[in-house]
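Tertiary structure, described
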Amino acid sequence: MAEKRKSSFEDFKKKETISFGEYNPLTDEILYADSRYDEENGKRVSQIVLQARTDANNFDRRDSRQDNAQSGGQDSEQDCRPDSVQDGRQNGIQVSGQNRRQKRITAGGHGETNPVFSPDYTKILFLSAVEKAGTQLFVCDLDTESCRQLTTMRFGLMNPIWSPDGKWIAFTSFSSGDMDEEWLQQIPDPDEEAAYARERAKEPVVITDFGYKFDGLGFAQPEVMQLWVVPSDGSAKARRITSENANFMHAGWAPDSRHILCESNLYCDKEISIAMDVLLIDVDTCVITRVTKDQMVVSYPNPVTPVFTPDGKYIIVGILDYPEKPTGTYPSCSLYRITPDGQEQVRIFEKTEECFDSVQFPYNAGCGRGLEKMRISSDGCSVLFHSGSFGAGTIWKVPIYGENHRPEKLAGGKAAYNGMGVPHNGKVLVTKTETDRPEAYYLMDEKDGRMELLVQSNEAWLQDVALSRAEDFFFDTLDGESRVHGFALPPQGMEAGKKYPCICYIHGGPHPFYTYGFDLEMQCFAGEGFGVIFCNPRGSSGYGDVHRNQDRAFDGSAYMDILQFVSEACSRFSWIDSDRIGLTGGSYGGYMTNYIATRSNRFRAYITQRSVVNNLIDYASSDMQGSSEGYPTFGEFMVHEIEKSPICGMEKVSAPFLILHGMEDYRCPVEGAHQLFVALKDSHAEDFPIKMVLYPHCGHEQPSDPDQLQHYYRTMADWFHRYL
């Protein structure tokens, strides 16, 4: 057997990503979207895959029409797409090469995603990015093996969902209330589109309240996320059922197929983005019923989509446990059983020592995209949900009715679970990843949590690459208040008795937590010959309310936790060269990198990513504005904020310093990077190693462009190679 190679940052282009998984219990098939890098176009492209799990004969029940599928499977019914879209298109079901266990559902678009089985499993809806038409909604009939286009939305659409009777599909699309429905369903020609963009670019930005900008979107526009419905048989155009100047999202149908449940900020302040109200909308009359009021239904960071019980009598909702006097700490979430009129509300979640939240905030779970975080069990008696628990992304079950609402663990261990499909006949599709294994889909038994593997992503790649597995440990904090959980990922191909340089990586937030999940970036650093150590200091969620206290993330406690963690890791793992340790992190991790660099000489090199530098920049220029409440004068507030900002200690930095930042970052504005660079250059000798690299068209994240991302990682690796 050939020796496996070490991973490299080029593997970001080779790695497969799967999403939107569904399991068909009638035919033993798995439906999902598969994203891979397209060398020819220089970007990632997604396609829809329908795959047989076991007996290939089950999958070939349509062999009599296979030749038609391979030749394009043109729809025999009337096609509602404009001529410019139809020309040269292939659509339907196509065999993937010679693999008869796997077929592709396609409308011929260059990017296809969001596949969902119809309630009777005879059709599949999905989104396809069609040339000159944008992202549109298609339905594939599994019997005729043909596709029908249902929409021509000017601004595309997202999040399509079947009604329980299969007759309707709801979706969201951006628009403002005064935009004409007919105009919104006309695909513009390129000249019209360009003219519209030019006119929009001229419009002044009028601001009267907070919440006027957001990272990734820029300044708020008149368009918001509106709800639409369209007949699944294509017999009529789509119809908008909301028109208010608010976002309507995280939607789901009522069992009667006549009402839609959603979350909305219709009655909330614009600046509140972490939670919304639950609304019930009559599809025929568009009348809105407010189900919750003056409560914070969780929308961020890992939304819990409200869902009806199968009998339609109750709605299950995740509500944040907000204290009377809110603090900066992100509150825990509890599940409630609520009647559709909002009059009866019963808490059905009991905190335990192991399950103290009904949501999770994983920083590196790396799985579950497009899947729900909460489901009603197939028997309608329990809620299945995810919760972060001591570094694991776990799955729990809690009864909807009765007096006992103590959660029962179904899946945990040293793994990260982060998404579920639709439960059926006591089984549910779940996603799982481990530190040395990328995402896989499993079929989980709802009673005892037993697992059957359905799909392992990156199978061929896993056979080729030697991945490291992280070891974890706990230690008590110096002040005795809590315990910190740490991980150590050794270099790939490590030689016995040899010591290696190490990178300490701090997560963002501060409330997310590092999981037992797969992290390709860390694996690639391990392939470069570095060890990677990472921990969940105080401020991280997933370890109880005391540990999650946000004050501890900024008062020096987390700083001491990280330094103690490095010492603990060096004493436990002989392969770590304690004299060659670098420090990096992004967002809050970047803030903490800056903070530590001005207070400690423990590290040999620093890389700060999209970091907080000056609190006054964040106060006024971030998309999460600050507050001067509690200060007698605004001047005192400004002085205090400056004094506690990392920028005030830059002259104390004693090791090479690299700054990486996106030029369109609204969360931590790029002005902070400029101030940091100038402060370092101004306070250090000319030959002190300082560098800043800015990435255009990049917000508060690492670059999404594959070539930019390669440059980003190569810059980091070269810096640590040079100075460690």
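Only a predicted model underlies this, so the values are computations on that prediction, with no experimental measurement involved.

**Re the packing of aromatic side chains**
Inspection of every chain in the model, using the stated rule, returns 38 aromatic pairs. Grouping aromatic residues by their ring pairs yields a cluster made of Phe9, Phe12, Phe525, Phe530, Tyr695, Tyr712, Tyr713 and Phe720. The cationic tip of Lys432 hangs over the ring face of Tyr442; the distance from NZ or CZ to the ring centre is 5.3 Å. The residue whose ring lies beneath Arg599 is Tyr595, and the NZ or CZ to ring-centre distance is 3.6 Å.

**Quick look at the environment of Pro190**
Within the fold, Pro190 resides in helix α6 (residues 190-202). Since its relative accessible area comes to 60%, Pro190 is described here as exposed.

**Examining the pairing of strand β7 (residues 112-117)**
Within β7, 5 of the 6 residues are buried, which leaves it mostly tucked inside the rest of the structure. Relative to strand β8 (residues 123-130), β7 is paired through 4 bridges, and the arrangement is antiparallel. Among the inter-strand pairings, Thr113 is bridged to a residue of β8, identified as Leu127. The antiparallel hairpin formed by β7 and β8 contains 5 residues in its connecting segment, where Tyr121 sits at a positive phi of about 65 degrees.

**Description of the confidence of the model for the protein**
For the protein, per-residue confidence averages 90 on the pLDDT scale, and 93% of positions sit at 70 or higher. Low pLDDT, under 50, characterises residues 55-89; the stretch is placed with 70 contacts to residues that sit more than four places away or in other chains.

**Regarding the side chain of Ser128**
Note that Ser128 resides in strand β8. On the basis of relative accessibility, which here comes to 0%, the residue Ser128 falls in the buried class. One polar contact links Ser128 to Glu112, side chain to side chain, over a distance of 2.9 Å. With near-sequence residues (within four places) excluded, Ser128 lies in contact with Ala107, Gly109, Gly111, Glu112, Gly134, Thr135, Gln136 and Phe138.

**Focus on the pattern of salt bridges**
On inspection of all chains with the given rule, the structure shows 40 salt bridges. Ionic pairing is found between Asp479 and Arg538, a salt bridge with its closest N-O pair at 2.7 Å. With Asp479 in the loop between β35 (471-476) and β36 (483-489) and Arg538 in the loop between β38 (531-536) and α9 (545-548), the pair connects residues that are 59 residues apart, well separated along the chain. Given a relative accessible area of 49%, Asp479 falls into the partly exposed group.

**Topic: empty space enclosed by the protein**
Applying the stated criterion across every chain yields a total of 7 cavities of 30 Å³ or more. Counted as a void, the largest cavity has a volume near 90 Å³. Along the wall of the largest cavity there are 13 residues; nearest its centre are Asp357, Val359, Phe361, Ser541 and Arg548. Among the residues making up the lining of the largest cavity, the classes are represented as 6 nonpolar, 5 polar and 2 charged.

**Some points on a nonpolar patch on the surface**
Together, Val205, Ile207 and Phe219 make up an exposed nonpolar region whose accessible area comes to about 250 Å². Mapping Ile207 onto the fold places it in the loop between α6 and β13 (213-214).

**Some thoughts on the nonpolar core**
Grouped together as the largest cluster of nonpolar side chains are 48 residues, with contacts concentrated most on Cys504, Ile533, Phe565, Ile576, Met592 and Phe603. The element best represented in this core is helix α11 (residues 557-572), accounting for 8 residues. Setting aside residues no more than four positions away along its own chain, Phe565 makes contact with Phe473, Phe475, Gly486, Phe487, Cys504, Ile533, Phe534 and Cys535. Listed in part, the 37 residues of the second largest apolar core include Trp461, Tyr514, Tyr695 and Ala717.

**Topic: the sheet that holds strand β10 (residues 146-149)**
Each strand in a sheet pairs with another by means of backbone hydrogen bonds, the pair being arranged parallel or else antiparallel. The strand order β7-β8-β9-β10 describes an open sheet built from 4 strands, whose pairing is antiparallel. The outermost strands of the open sheet, each flanked by one partner alone, are β7 and β10. Across the sheet, the mean angle from the axis of one strand to that of its neighbour is 25 degrees, orientation sign disregarded.

Thresholds, definitions, all that
- Every chain begins its residue count from 1, and numbering advances along the sequence as written.
- Restriction of local features to residues with pLDDT of at least 70 applies here, the model being predicted, together with a cutoff of 80 or more for giving and counting side-chain atom pairs; totals for whole chains, interfaces and linings are based on all residues.
- As a rule here, side-chain values come from all non-hydrogen atoms in the structure, and water together with hydrogens is ignored.
- Put simply, two rings from Phe, Tyr or Trp (the six-membered ring, in Trp's case) pair if the centres are within 6.5 Å, and we call them stacked under 30 degrees between planes, edge-to-face over 60, tilted for the rest.
- When the NZ atom of lysine or the CZ atom of arginine is within 6 Å of a ring's centre and also within 35 degrees of its normal, the charge is said to sit over that ring.
- In this description a helix means any DSSP run of H or I spanning at least four residues, a strand means any run of E spanning at least two, and both kinds are numbered starting from the N terminus.
- Each residue is placed in one exposure class: buried if its accessible area under a 1.4 Å probe, protein chains only, is under 20% of its type's maximum, exposed if it is over 50%, and partly exposed if it falls in between.
- When DSSP locates at least two bridges between a pair of strands, those strands are taken to pair.
- The pLDDT score gives, residue by residue, the confidence of the prediction method on a 0 to 100 scale.
- We call two residues in contact whenever any of their non-hydrogen atoms come within 4.5 Å of each other.
- Between N or O atoms, a polar contact is any pair within 3.5 Å; within protein, one atom must be a potential hydrogen donor and the other a potential acceptor, and residues adjacent in sequence are included only when both atoms are from side chains.
- What counts as a salt bridge is simple: a side-chain nitrogen of Lys or Arg found within 4 Å of a carboxyl oxygen of Asp or Glu.
- For cavity detection a 1 Å grid was placed over the protein atoms alone, and a set of points counts as a cavity when a 1.4 Å probe fits there but cannot get out; an open set counts as a pocket when protein lies on both sides within 12 Å along at least five of seven lines, with lining residues being those that have an atom within 4 Å of a point.
- Grid points are joined across faces, edges and corners, and a volume is the space filled by probe spheres set on the points.
- Classes in brief: Ala, Val, Leu, Ile, Met, Phe, Trp, Tyr, Cys and Pro nonpolar; Asp, Glu, Lys and Arg charged; the others, Gly included, polar.
- Patch definition: residues above 30% relative accessible area lacking any salt bridge, with like charges linked at up to 9 Å and the nonpolar side chains Val, Leu, Ile, Met, Phe, Trp and Tyr linked at up to 5 Å.
- In short, Shrake-Rupley with a 1.4 Å probe defines the accessible areas, and a residue's cover is counted only from the protein chains shown.
- Here, the term nonpolar core denotes a set of buried Ala, Val, Leu, Ile, Met, Phe, Trp, Tyr and Cys residues that are joined through side-chain atoms within 4.5 Å.
- Axis definition: a line fitted to C-alpha atoms, over the contacting stretch in the case of helices. Angles run 0 to 180 degrees between N-to-C directions.

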